[in-house]
Amino acid sequence: MMDWGEPLTALSEAEKRGEISSSAAENIRAWLTEPYYAAYAPQVAEMIEARRWRELNDLFWQVIPFGTGGRRGRMFPVGTNAINDRTIGESAQGVADYVKRIKPGKSLSCGIAYDTRHRSRHFAELCAGIMAANGFTVHFLDEYRSTPEMSFLIRYKRCDCGIMVTASHNPPSDNAVKVYWSTGGQVLPPHDRGMIECVKQVQEIRAMPFTEASAKGLVVPCTEEVDAAYRAALARQSRPGPRDLRVLYSPLHGVGSTAVLPGLEAAGFEQVEVFGPHAEPNGDFPNVVDHVANPENPRVFDAMIDEARRRGFDLVLATDPDADRLGCAAPVTPGADASWTTLTGNQIASLLADYLLSRSRAEATLTPRHYVVETLVTTRLIGRIARAYGVRCIDDLMVGFKWIGGTMEYEGPEWFLLGVEESYGYLVGDHARDKDGAVAAIILCELAAQLKQRGMTLPMQLEELFRRYGVHAERAFSVAMPGAEGMTKMAALMSKFRAAPPDRLGGLDVTRTHDLRRAIGDYEDDLELAMAAARSGDVVILDLAGSGNRVAVRPSGTEPKCKFYMFAAEPPNPTADVAAVRDALNARLEAVEADLRAYASRV
């Protein structure tokens, strides 16, 4: 060990002057003095010598949380609050430790995949070497692939766990690991907390080089085999019908072309073209607005809509970098001169629900035991649709698709029809336990082709649903709270909503406040415990005057921000001017948002 006395002295003096927080100073001292951080100490010492206190504080003020979905953040070679070899290595080691503890004496296996982000391949090889050194056989997708194919891989190969290297739709600076259980879903209680504790306790990381693990047969490439099986699984979800549909598709520089294109081809859609500026796999997302490849942002579709209108496409689709989310744009009416619009995640989910339920009823396969699943911040329109078809809608789950996957295990996948969340995540079929942009693309294209044959478009069909079930409008926004102070501010804001919620929002009285943090009892069965946890979390719901008006507030589990979800609705009216009602609801939501932003700014 080198003598880092001078940097340690400088660090203590900076802490006394208030230039760096005590928590950051404590973590930095460990990286300078503990033997298992020795490889990183020289760079930390250089940053101290350069007096980069603000940067050091952001890099070390906390240990980047390993949550129930894994670890995500900005990449930097050193730092407890950054994604680097050490924090990724601790994650993989903790996963290995926990699975070995739960399944002692068994032959264990792990699935690993990665996306097109910077260093994703490097981190995937690092994780593979760690899992191999801990006695796991690693089933490795040896080219970039989608998160849903990773979920499928775990189930197909009967792995005990899985690791997906991706930061989803985060900026290019970020990366992450998502961790999966043997179900193919993200880790649920009680295993999530046990795994988190194992990650926290990691000091020594047992690893071997990726090349050595491969040479020993501990890392087994399986891309071609799994691709074929996954494509077949997607094809099984397809239903017969018209296929005359011209589709312009964007992977947003991510992995989607490896999943969406084979899926649509297997389902019989032959007129699919990739949008050229977004086709290149590139972790910088160079041709995407603000370099953030998120299909939730309508501006992502602007250039694609221009090309679609010019060249006569019927539908525009886009998936995020790991292809588990799907967004779309469509013409408002038929015809070459029609205006185009993007659809929200809630609107796409509602269209998918009605289409799948109507097809199932026509096929005489629908029973009262069937169910659809959504989270508590997803549109209530889906529940109205499901009940009209005589099936259940499970709609009180916490945010996160893992709870939908858990519900499939609990309720039985044989009765599962559709799982959706407002953030553009959808699953049809039992091949995975996570959202799947490829299967959603197939079903949405089937619906669009069917509507085209009838002289209709997706927005026209959505208006029909509004007339039949009531006009629904939703809006979401976030308030960023970054840095060392952000967590404190988020906690203070949630406490304020609980102790002193606003009396009025958007001119409507707040009639009731629901605090969804509640104690979870003891359960003998892990799935019972998971389903109890699925309905308990750091969420506050405010009911507003009038039916269908409410707000949900929660801190993000993956990013430094607080998220707000707003809902408004009007009852069904077959003769309603849908556009006028929708405008009124949107004005109501704008007023509610303004009041919420003002309330949050006073924390």
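What you see is a predicted model, and the numbers here were worked out from it, not measured in a lab.

Asks: Whenever I open this one, the overall build of the chain confuses me. Can you help?
Replies: In terms of helices and strands, the chain carries 20 helices and 21 strands. Computed over C-alpha atoms, the radius of gyration of the chain comes to 25 Å, within 12% of the 25 Å expected from 2.2 N^0.38 for 603 residues, which places it in the range of a compact globule. For the C-alpha atoms alone, the extent of the chain along its principal axes is close to 80 × 60 × 55 Å. The buried share of the chain, reckoned over its 603 residues, is 57%. Long-range contacts, defined as pairs at least 24 residues apart, comprise 71% of the intrachain contacts of the chain with a sequence gap of at least 6. Looking at the chain as shown, the accessible area adds up to about 23500 Å², and 49% of this sits on carbon and sulfur atoms.

Asks: Got a minute to help me understand the nonpolar core in this structure?
Replies: In globular proteins that are soluble, nonpolar side chains generally tend to be buried together. Core analysis: the biggest nonpolar cluster contains 97 residues, and Leu-317 and Leu-458 have the highest contact counts within it. The biggest single contributor to this core is helix α16 (residues 437-453), with 12 residues. The residues touching Leu-317, leaving out its near neighbours within four places in the chain, are Val-247, Leu-248, Tyr-249, Ser-250, Phe-301, Met-304, Leu-326, Gly-327, Cys-328, Ala-441, Leu-444 and Cys-445. Formed by 39 residues, the second largest nonpolar core is a distinct cluster that contains Ala-132, Phe-136, Val-177 and Ile-196.

Asks: It is not clear to me how the packing of helix α3 (residues 41-49) against helix α4 (residues 53-60) should be interpreted in this structure. Could you clarify?
Replies: It is at 8 Å that the axes of α3 and α4 come closest, and there the two elements cross at 140°. It follows from the interaxial angle that α3 and α4 lie oblique. Every pair of crossing elements has a handedness; the one defined by α3 and α4 is left-handed. Together, Val-44, Met-47 and Ile-48 of α3 and Trp-53, Glu-55, Leu-56, Leu-59 and Phe-60 of α4 make up the contact between the two elements.

Asks: Explain the environment of Pro-189 to me, please; I cannot follow it from the model alone.
Replies: The residue Pro-189 is located in the loop between β5 (174-181) and α8 (191-200) in this model. A sequence separation of 339 residues divides Pro-189 from Glu-528, and the C-alpha atoms of the two residues are 9.4 Å apart. Apart from residues lying up to four places away in sequence, Pro-189 is in contact with Trp-403, Asp-526, Leu-529, Ala-530 and Ala-533.

Asks: How should the sheet that holds strand β19 (residues 540-544) be read in this particular structure?
Replies: Two orientations exist for strands paired in a sheet by backbone hydrogen bonds: parallel and antiparallel. Across the sheet, six strands lie side by side as β16-β21-β20-β19-β18-β17; this open sheet has antiparallel pairing. Looking at the sheet topology across the chains shown, the edges are occupied by β16 (472-480) and β17 (504-505). Of the pairings in the sheet, the one linking β17 to strand β18 (residues 508-515) comprises two bridges and is antiparallel in character. The residue bridging Arg-504 from the neighbouring strand is Asp-509, located in β18.

Asks: Is there a simple way to explain helix α12 (residues 302-311) in this structure?
Replies: Residues lying three or four places apart along an α-helix face the same way, a consequence of the helix completing one turn every 3.6 residues. Restricting attention to buried positions, one finds in α12 the residues Met-304, Ile-305, Glu-307 and Ala-308. Buried residues in α12, looked at end-on, bunch into an arc of 165°, giving them a common side. Remark: Gly-312 follows α12 within two positions and exhibits a positive phi of approximately 80°.

Asks: Any chance you could explain the packing of aromatic side chains here in plain terms?
Replies: The description of an aromatic ring pair uses the distance of the two centres, along with the angle that the planes make with each other. Evaluation of the coordinates by the stated rule reveals 13 aromatic pairs. Pairing Phe-152 with Tyr-230 gives two aromatic rings, centres 5.7 Å apart and planes at 50°, and the pair type is tilted. You can see Phe-152 sitting in helix α7 (residues 147-157) and its partner Tyr-230 sitting in helix α10 (residues 223-236), a full 78 residues away along the chain. Like Tyr-230, Phe-152 is buried. When the ring of Phe-497 is compared with that of Tyr-599, the centres are 4.6 Å apart and the planes differ by 45°; the resulting orientation is tilted. Placement of the pair is Phe-497 in helix α18 (residues 486-499) and Tyr-599 in helix α20 (residues 578-601), with a sequence separation of 102 residues. Residue Phe-497 is classed as buried on the basis of its relative accessible area of 0%. Owing to a relative accessible area of 5%, Tyr-599 belongs among the buried residues under this scheme. One aromatic cluster is present, built from ring pairs that chain together Trp-31, Tyr-36, Tyr-37, Tyr-40 and Phe-60. The ring centre of Phe-313 lies 4.2 Å from the NZ or CZ of Arg-246, which sits over that ring. When the ring centre of Tyr-599 is taken as origin, the NZ or CZ atom of Lys-496, which lies over that ring, is 4.2 Å away.

Asks: Looking at this structure, I do not really get the sheet that holds β5. What am I missing?
Replies: Strands sit in the order β1-β5-β4-β2-β3-β6 across an open sheet of six strands; the sheet is mixed. The two strands at the open ends of the sheet, each matched to only one other strand, are β1 (70-74) and β6 (219-221). Adjacent strand axes in the sheet meet at a mean angle of 20°, parallel and antiparallel pairs treated alike. Alignment of strand β3 (residues 136-140) against β6, held across three bridges, turns out to be parallel. Bridge pairing in β6 links Phe-140 to Pro-221. Across the sheet, helix α5 (residues 85-102) lies against β1, β2 (108-114), β3, β4 (161-165) and β5, angled at about 5° from β5, the strand it touches most.

Asks: For this particular structure, what's the right way to read helix α1 (residues 5-16)?
Replies: With 12 residues, α1 extends 17 Å between its outermost C-alpha atoms, agreeing within 8% with the 16 Å of an ideal straight helix rising 1.5 Å per residue. Listed in full, the buried residues belonging to α1 are Pro-7, Ala-10, Leu-11 and Ala-14. Along α1, the residues classed as buried sweep out an arc of 105° about the axis, all on the same side. Residues of α1 that are buried make contact with α2 (22-33), α3 and α4.

Thresholds applied
- Residues numbered from 1 in each chain as written.
- Predicted model: local features only at pLDDT ≥ 70, side-chain atom pairs only at ≥ 80, totals over all residues.
- Heavy atoms only, no water.
- Helix = DSSP H or I, 4+ residues; strand = E, 2+ residues; numbered from the N terminus.
- Rg over C-alpha atoms; globule rule 2.2 N^0.38 Å.
- Buried < 20%, exposed > 50% of the residue type's maximum accessible area, 1.4 Å probe, protein only.
- Contact = heavy atoms within 4.5 Å.
- Areas by Shrake-Rupley, 256 points an atom, 1.4 Å probe, with all protein chains shown as cover.
- Core = buried A, V, L, I, M, F, W, Y, C linked by side-chain atoms within 4.5 Å.
- Axes fitted to C-alpha atoms, helices over the stretch in contact; angles between N-to-C directions.
- Parallel < 35°, antiparallel > 145°, perpendicular 65-115°, else oblique.
- Left-handed = near helix turned anticlockwise from the far one by under 90°.
- Pairing = 2+ DSSP bridges.
- Arc of directions from axis to C-beta.
- Phe/Tyr/Trp six-rings, centres within 6.5 Å; stacked < 30°, edge-to-face > 60°.
- Lys NZ or Arg CZ within 6 Å of the ring centre and 35° of its normal.
- Expected span 1.5 Å × (residues − 1).

Just distances and angles here, no functional claims.
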